[in-house]
Structures are given as structure tokens and as C-alpha cells.
Amino acid sequence: QRPDIQDTALKAIQKTYGTDEPLCDAEDDQQCEYIVALVRECLRYYTVLRLALPRVSVKDVVYEGIRIPKGTVIFLNAWACNMDPKVWQDPEVFRPERWFEHEDAPMFTYGMGYRMCAGSLLANRELYLTFIRLLNSFRIEKVDDVDVHPVRGNMDPTSLVSMPQRYRARFVPRNGNALRNALDKFVAVN
Ligand code: HEM
């Protein structure tokens, strides 16, 4: 959908890895700053769990003069927090570069506080590796026109988990021989 971002990402990856290294290095952790920013922007823009997970207050809490009784179910509106115009001037725009301008900006996709996602560091590592490997192995081409808006383009807007509409894309190997060799030699980590 955004070949310009794909090209920028590829240039950034190829500062370290050539197309003869399609699987990059499994030990590489967050070295490519543009990919770190791209992953963060995907997580911000497509907030997967828009209302995080429900929580119950364990005691009475007074917030801005209002008493929230013990036993109240509370949802964090992570989507609204990620789109906060007090944090971002252009929250509706998909723009990885924002994370270079405002590195410490909050990102609510993993929830907040001491019950936030326990797997966020693992998820970030997996996403980073998936992005560098996929983008260095394939040129991804658009096939179908699909509404990629994070709300309108949702398969089921009532679902707890955001899922995109089904669409087709074409994955064209950048260096078919190198990819075949790398996959032949690939050994899964136990
Ligand atoms: C992109 C991937 C992921 C997203 C967007 C995500 C998001 C979330 C969110 C929003 C919560 C609720 C936080 C809250 O209520 O404040 C959560 C909780 C949790 N997540 Fe994830 N998660 C992801 C991947 C993972 C992975 C890979 C693991 C484990 C390997 C994991 C394990 C957990 C656990 C154990 C909790 C419950 C934490 C608690 O209640 O103390 N998550 N996650």
C-alpha cells in the first residue's frame, strides 16, 4: 500500500544486509532504526487490542473527583491514547519518522502500568525480525485495492482484536537463488 515506505525500509536494511542475505541475522536485535520506527508505527496506527484487556478495580478509587467503586470493570482506550492530538499533530497519518522526532512518546498498544503486556519485548523482537527478513527477501506488491484505514478497514469492528479485511498481495523474491539457499540451510532454533 505504501511503496515509498517499503523502499525507505529496504534502503535502511541494506545498509547492513545485501539481497544475498535474505534472512539477515537472527541475532540482530533492533539495530536498524528505521525498522524499529516502522514496527512502532504499525503498533500505534493499527492498535491491535483497541480497548486493551478489561480490568477490575480492587478498591474504591477517586479520579478527578469521581468515585470509581471497587469491582468496576475498566477498559483502557488504547486506540484513543495512540491517536491523542496532544501527543501528535498528525495522529491519523501513518508515518514511521514520527518516532525519530518524539522518541519517548507513549505507545499504548501493549497496555500500561504493571499489568501491561508481559510479552512486549518478545513481540517487539519477533516483529523486528519478521520485518527485516520479509522486506529483504521479497518486494511486496499490491494486488487488491483495500481500505487500510485502521477502523473502516477492520474485518469486524466489534471484535476485541483488530483484524484487517482479507486482501491479496504479491511477494516477489528479490534474489530467488539466495533465498532458496538460505531456506535450504535454515535450521530452526530449539
Ligand atoms: C503484538 C503483539 C502483542 C500485543 C499487541 C499484546 C497486547 C497486550 C495487551 C493490550 C495486554 C493487556 C495489557 C493491559 O491490560 O494493560 C496484554 C497482556 C498480556 N500479554 Fe500481550 N500482546 C502481544 C504479544 C504478547 C506475547 C508474544 C506474549 C507472550 C509470549 C504476551 C503475553 C501477555 C500476557 C501474559 C499478558 C497479561 C499480563 C498481565 O495481566 O499481567 N503478549 N498484551
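This section reports on the structure supplied with the text. (Residues numbered from 1 in each chain as written. Predicted model: local features only at pLDDT ≥ 70, side-chain atom pairs only at ≥ 80, totals over all residues. Heavy atoms only, no water.)

1. A few points about the overall build of the chain
What counts is decided by this rule: Helical segments are the DSSP runs of H or I of at least four residues, strand segments are the runs of E of at least two, and each set is numbered from the N terminus. Here the term buried applies to any residue with accessible area under 20% of the maximum for its type, exposed to any over 50%, and partly exposed to those in between, with areas from a 1.4 Å probe on protein chains only. Pairs of residues are marked as contacts when any of their non-hydrogen atoms sit within 4.5 Å. For every accessible area listed, the method is Shrake-Rupley and the probe measures 1.4 Å; residues are considered covered only by the protein chains on display.
Along the backbone of the chain there are six helices and six strands. Traced from its N-terminal end to its C-terminal end, the chain shows the element sequence α-α-β-β-β-β-α-α-α-β-β-α. Dimensions of the chain along its principal axes, counting C-alpha atoms only, are 65 × 40 × 30 Å. In the chain, buried positions account for 30% of the 190 residues. Put simply, of all contacts in the chain between residues at least 6 apart along the chain, 71% involve residues at least 24 apart. Carbon and sulfur atoms form 56% of the exposed surface of the chain, whose accessible area is close to 12,600 Å².

2. Thoughts on the coordination of the iron atom of the ligand
To be explicit about the condition: A donor here means any N, O or S atom no more than 2.8 Å from the metal (3.2 Å for Na, K and Ca); water is not included, so a site may seem to lack partners.
Exactly one protein atom donates to the iron atom of the ligand; that atom is C117 (SG), 2.3 Å from the metal. Inspection of the secondary structure assignment puts C117 in the loop between α4 (98-101) and α5 (120-137).

3. Notes on the side chain of N82
Convention followed: The term polar contact refers here to a pair of N or O atoms within 3.5 Å; inside protein, the definition further demands a hydrogen-donor-capable atom paired with an acceptor-capable atom, and it admits residues adjacent in sequence only when both atoms are side-chain atoms.
Take N82: it is sitting in helix α3 (residues 78-82). A distance of 2.9 Å separates a polar atom in the side chain of N82 from a polar atom in the side chain of T47. Once residues lying within four places of it in the same chain are set aside, the contact partners of N82 are L43, R44, T47, W88, M107, F108 and T109.

4. Examining the packing of helix α2 (residues 33-45) against α5
Helix-helix packing: each pair is described by the crossing angle between the helix axes and the interaxial distance. Convention followed: Whenever a helix is involved, its axis is fitted only over the stretch in contact; in every case the axis is a line through C-alpha atoms, and angles between N-to-C directions fall within 0 to 180 degrees. Note on terminology: angles under 35 degrees are roughly parallel, angles over 145 are roughly antiparallel, angles of 65 to 115 are roughly perpendicular, and the others are oblique. Handedness of a crossing is defined here by the sense of rotation of the near helix relative to the far one, left-handed for an anticlockwise turn of less than a right angle and right-handed for a clockwise turn. Three residue categories are used. Nonpolar comprises Ala, Val, Leu, Ile, Met, Phe, Trp, Tyr, Cys and Pro, charged comprises Asp, Glu, Lys and Arg, and polar comprises the others, including Gly.
Look at α2 against α5: their axes get within 10 Å of each other, and the N-to-C directions meet at 115°. Of the possible angle classes, the one that applies to α2 and α5 is roughly perpendicular. Pair α2 / α5 crosses with right-handed handedness. Listed contacts from α5 to I35, V36, L38, V39, C42 and L43 of α2 are N124, L127, Y128, F131, I132 and L135. A class-by-class count of the residues in the contact of α2 with α5 yields eleven nonpolar, one polar and no charged.

5. Some details on the state of the cysteines
For clarity, the threshold we go by: We call a pair of cysteine sulfur atoms a disulfide whenever their separation is within 2.5 Å.
Per the stated rule, a full pass over the model turns up zero disulfides. C42 carries a free sulfur, and the closest cysteine sulfur to it, the one in C32, is 13 Å from it.

6. Examining the pattern of salt bridges
Rule in force here: Each reported salt bridge corresponds to a side-chain nitrogen of Lys or Arg within 4 Å of a carboxyl oxygen of Asp or Glu.
Summed over the entire model, instances satisfying the criterion amount to 13 salt bridges. E41 is the partner of R44 in a salt bridge, and the nearest nitrogen-oxygen pair spans 2.9 Å. Placement of the pair is R44 and E41 together in helix α2, with a separation of three residues, close to one helical turn. By relative accessible area, which is 0% here, R44 ends up buried. Among the residues examined, E41 registers a relative accessible area of 0% and is labelled buried. We note a salt bridge from D144 to R168, for which the minimum N-O separation is 2.9 Å.

7. Quick word on the site of the ligand
Note the cut-off: Here a residue is considered near a molecule or strand provided that any single heavy atom belonging to it is located within 4 Å of it.
Neighbouring the ligand are 16 residues; R55, T109, R115, C117 and G119 lie closest to it. Contacts to the ligand include R55, whose side-chain N or O atom sits 2.9 Å from an oxygen atom. In the model, an oxygen atom of the ligand is placed 2.6 Å from a nitrogen or oxygen of the R115 side chain. Per-class residue counts for the shell around the ligand are eleven nonpolar, three polar and two charged.

8. Comments concerning the layout of surface pockets
Under the convention used in this document: Cavities and pockets were defined on a 1 Å grid built from protein atoms only: a cavity is a group of points that admits a 1.4 Å probe but offers it no way out, a pocket is an open group of points flanked by protein on both sides within 12 Å along at least five of seven lines, and a lining residue is one with an atom within 4 Å of any such point. Grid points are joined across faces, edges and corners, and a volume is the space filled by probe spheres set on the points.
As a volume, the largest pocket reaches approximately 1,300 Å³. Taken together, 39 residues form the lining of the largest pocket, with Q1, C42, Y46, F131 and Y167 sitting closest to its centre. In the lining of the largest pocket, the residues fall into 24 nonpolar, nine polar and six charged. Approximately 820 Å³ is the volume attributed to the second largest pocket.

9. Here we look at α2
A turn of α-helix holds 3.6 residues, and therefore any two residues three or four places apart point the same way. Test applied: Multiplying 1.5 Å by the residue count of a helix minus one yields the expected span of that helix.
Between the first and last C-alpha of α2 there are 18 Å, a value that for 13 residues agrees with the 18 Å anticipated at 1.5 Å per step. Along α2, the positions that sit buried rather than exposed are Y34, I35, A37, L38, V39, E41, L43, R44 and Y45. Lining the buried residues of α2 we find α1 (3-13), α3, α4 and α5.

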